[in-house]
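Commentary on secondary and tertiary structure
One-letter residues, chain by chain:
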Amino acid sequence: MISSIRKTAVTAAALGALGLGGAAIAGAAGNTASPASGTNAAKPDRPQREALSSDVAAKVKAAALAKVPGATVLRTEAGGPYNSAYHAHIKTSSGTLQVVLVNASFEATAVQADQGRGGGKGHGGGRGGHREETALTGATKQRVEDAVLAKYPGATIVRTETNTDSSAPYESHIKTTDGKELEVTVDKDFKIVDAREHPAHP
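Since the model is a prediction, treat every value here as computed from it, not as a measurement. Every chain is numbered on its own, with residues counted from 1 as its sequence reads. Where totals are concerned, whole chains, interfaces and linings use all residues; where local detail is concerned, this predicted model gives features only for residues with pLDDT of at least 70, and gives and counts side-chain atom pairs only at 80 or more. Remark: hydrogens and water are excluded; side-chain values derive from all non-hydrogen atoms of the structure.

1. Observations regarding the overall build of the protein chain
Helix and strand assignments come from DSSP, with helices taken as H or I runs of at least 4 residues and strands as E runs of at least 2, each series counted from the N terminus. Of regular secondary structure, the protein chain possesses three helices and eight strands. Relative accessibility decides the category of a residue: with a 1.4 Å probe and only protein chains considered, values under 20% of the type maximum give buried, values over 50% give exposed, and everything between is partly exposed. Expressed as a percentage of its 202 residues, the buried residues of the protein chain come to 28%. Note on contacts: a residue pair qualifies if any of its non-hydrogen atoms lie within 4.5 Å across the two residues. Here the contacts in the protein chain between residues at least 6 apart in sequence split such that 34% fall between residues at least 24 apart. Shrake-Rupley sampling with a 1.4 Å probe provides the accessible areas, and residues are treated as covered by the protein chains on show and by no other component. Total accessible area on the protein chain stands at roughly 12800 Å², and carbon and sulfur atoms take up 55% of it.

Written out as structure tokens, the structure is:
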């Protein structure tokens, strides 16, 4: 009789140990899953650029096309350089990628080279990527400026320098007689390639 009681006690103890072991294993499994789910939850989503409503996008597009007739509007977005309310990425009829800045009244204020999302050169907000531009001197400077002034008689030359963001090796920043500020690019044969308007400084 005593022997039977002892056997029953031993069996119960063994079952209890197995139960505790199973609970410990289950607990460990639960603890292993928690950090993984916590890690995933801790990753913030990348902020998305606010999409323009169809009505606003249509007005921005119309302003861009009025500024650069014949261009193809690739996309329109909120914000932009010089505190613009909106801007439109376009491709001109000659295949040049540009950005048209549009104010809150849906008027195009300037056209710039499209530098992508890294930011344009010369505005202090880019990621790097562009080589430093250097001032032109001597005969090269004279020939570039002669070509520019032949195109824009009476303009004031602000500065003339190398150009690092297109196939044209030179550029001259000018202020025309009607007050426009332009960045005029000139090729290696000293011919005008393009002129990009910038907002006039106050």
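What follows continues from the structure just given.
2. Focus: the environment of Pro81
Take Pro81: it is sitting in the loop between strand E1 (72–78) and strand E2 (86–91). For Pro81, a relative accessible area of 32% gives the class partly exposed. Sequence separation of Pro81 and Gln112 is 31 residues, and the distance between their C-alpha atoms is 9.7 Å. Among residues more than four places away in sequence, those in contact with Pro81 are Leu101 and Gln112.

Function cannot be inferred from these measures alone, as they are strictly geometric.
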